[in-house]
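# Architecture at a glance
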Amino acid sequence: MENLFIKVDEKEFGPVSLKELKDLAKEGSFSREDYIWSEDLDEWVPAEHTVELKDVFTVNTNGHFKKRIYAVASGKGGVGKTVISSSIGVGLASMGQEVIMVDADFGGANMHTCMGILEPELTFFDFYTLQKETLSDIVLDTPVENLRMISGACGTLGLANPKYFQKQRFIRELKKLQADSILIDLGAGSGFHTVDLFLLADEKILVMTPEPTSVFEAFGFIKICLLRDLNRRLKKYPEALAVLAKDGINKPNNIQLTIGDLMTEIEKIDEEALNIFKETLAGFSPKLILNMVKARDEIKEGQAIQAAALDLLCINVELLGYISFDFQVKAAVKAMKPFLLFDPKAKASQDLSALIRVNLLGKKGVREILERRRWRKLVENYSREYPEQNILENGTICSVRCFYWGDCEYEDGGSHCPVRHLEPVLKERLVSS
Ligand SMILES: Nc1ncnc2c1ncn2[C@@H]1O[C@H](COP(=O)(O)OP(=O)(O)O)[C@@H](O)[C@H]1O
Ligand SMILES: [Mg+2]
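Summarised in this report is the structure supplied together with it. Being a predicted model, the structure only gives us computed values, none of them experimental.

Reading across the sheet, the four strands line up as 2-1-3-4 and stay open at both edges, with antiparallel pairing between neighbours. Of all the strands in the sheet, just strand 2 (11–16) and strand 4 (43–46) have a single pairing partner and so form its edges. On average, each strand axis in the sheet is inclined to that of its neighbour by 35 degrees, with strand direction left out of account. Here strand 3 (residues 35–38) pairs with strand 4 via four bridges, running antiparallel. Across the sheet, Ile36 pairs through a bridge with Val45, a residue of strand 4.

Below you can see the structure in the form of structure tokens.
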């Protein structure tokens, strides 16, 4: 495969050799969603569908296995995405991985406070306003070795809906970041930006609590993502797209029409489109974390959403595990520490440790027992060394006088404001009122 022609962001390049293509993939300038010209088919095809290019995406510059991108999403806010993401980050980093966490909740960025960073020196805002050219220019160190982060923008709620080119620039830069794992903490809701970041990830993690609203919104989110993926992949098949645009399917929780019904219709229209349809369904398998579980029988909610996804959307949702409701998580938020480090022996920390090792990384077997003990000791050491933060004692108290009262998903009058980036704005307003 020499003299290849590629298409990245609608621009065509070439000829390039396979070696040059590998280098481009290593530096993140060419990814599996980009296109390659197929002589046989006489059309552009996604690189991920080209068997000969499989090796191009398997190692990164360090010669390590390809970096993994994890995205953590949920339909509903306040279900624990940020506390879980930061503790997964700590977990992976303490296993020796180079990890970069990305706070992509542009409407309510607060991952930095979870990591004990009150006022990040650099944030996404610096990248957005072009003061910093690349995302690697705004990566911050955290108190944990191997764990770095990109802080969401502070006090700039307008960034929640970036324009197309801004989104493309962000995604391209994201793929260039050098680390073993990139962990993206997404905002609530199902805006295009959130959905696209979720679809881009190798591991699509969905956090849900056992409450009906959370289950409902998690299901809606999965459905929106799946439909967007199908729409994108079937771009060249207008008749199939018309089927996807049917009224009954596009409302997130409307179940008049199932994905199976659509498949039957597309089968009548176009065999090629049907194959792409089936491939997309097979390749879309989000993983579920059930958080704040108070009783064993609540785990059924996880199984219920799995069954609904299979029946109505024809996809497999894997249950990655559950995390108990634990007051130590709340205490960790107040202490501005990831809960895994705040109290490694707490029930929630133990649940998360097992979830990371066994289900996320697939570490099983006898050797794992020794490794697990070593890891536990390491996390306990990190926990002792982690800097204390007492600033929250003087923090802003959530109140009806806040500018964001009525809009804020964290609204909890009388408690400390967890979205601390708003403090400068709030303090000003509270002082002047
Ligand atoms: N397992 C848990 N047990 C108890 N409280 C939790 C748990 N997970 C999350 N919380 C609480 O939920 C709040 C919201 O979590 P957060 O990660 O900020 O949600 P999200 O990022 O989904 O909006 C936290 O401040 C914490 O108090
Ligand atoms: Mg959050």
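In terms of burial, strand 1 (residues 4–8) is largely enclosed, as four of its five residues are buried. Here strand 1 runs beside strand 2; their pairing, made up of four bridges, is antiparallel. Its bridge partner lying in strand 2, Lys7 is registered against Glu12. Here strand 1 pairs with strand 3 via two bridges, running antiparallel. What sits directly across from Ile6, in strand 3, is Ile36.

This paragraph deals with the site of ligand 1. Close to ligand 1 lie 17 residues, the nearest being Gly78, Lys81, Thr82, Val83 and Asp326. Take Thr82: an N or O atom from its side chain is 2.8 Å from an oxygen atom of ligand 1. Note that a nitrogen atom of ligand 1 is positioned 2.9 Å from one of the side-chain N or O atoms of Asn291. Considered on its own, ligand 1 offers 570 Å² of accessible surface; in the complex 91% of this is hidden by protein. Secondary structure elements with two or more residues in the shell around ligand 1: helix 2 (81–94), strand 11 (287–293) and helix 13 (327–334). Partitioned by chemical class, the residues of the shell around ligand 1 number seven nonpolar, six polar and four charged.

Here is what the cut-offs are and how they apply
- Residues numbered from 1 in each chain as written.
- Chains lettered and ligands numbered in written order.
- Predicted model: local features only at pLDDT ≥ 70, side-chain atom pairs only at ≥ 80, totals over all residues.
- Heavy atoms only, no water.
- Pairing = 2+ DSSP bridges.
- Helix = DSSP H or I, 4+ residues; strand = E, 2+ residues; numbered from the N terminus.
- Axes fitted to C-alpha atoms, helices over the stretch in contact; angles between N-to-C directions.
- Buried < 20%, exposed > 50% of the residue type's maximum accessible area, 1.4 Å probe, protein only.
- Near = heavy atom within 4 Å.
- Polar contact = N/O pair within 3.5 Å; in protein donor to acceptor, adjacent residues only side chain to side chain.
- Areas by Shrake-Rupley, 256 points an atom, 1.4 Å probe, with all protein chains shown as cover.
- Nonpolar A, V, L, I, M, F, W, Y, C, P; charged D, E, K, R; others polar.

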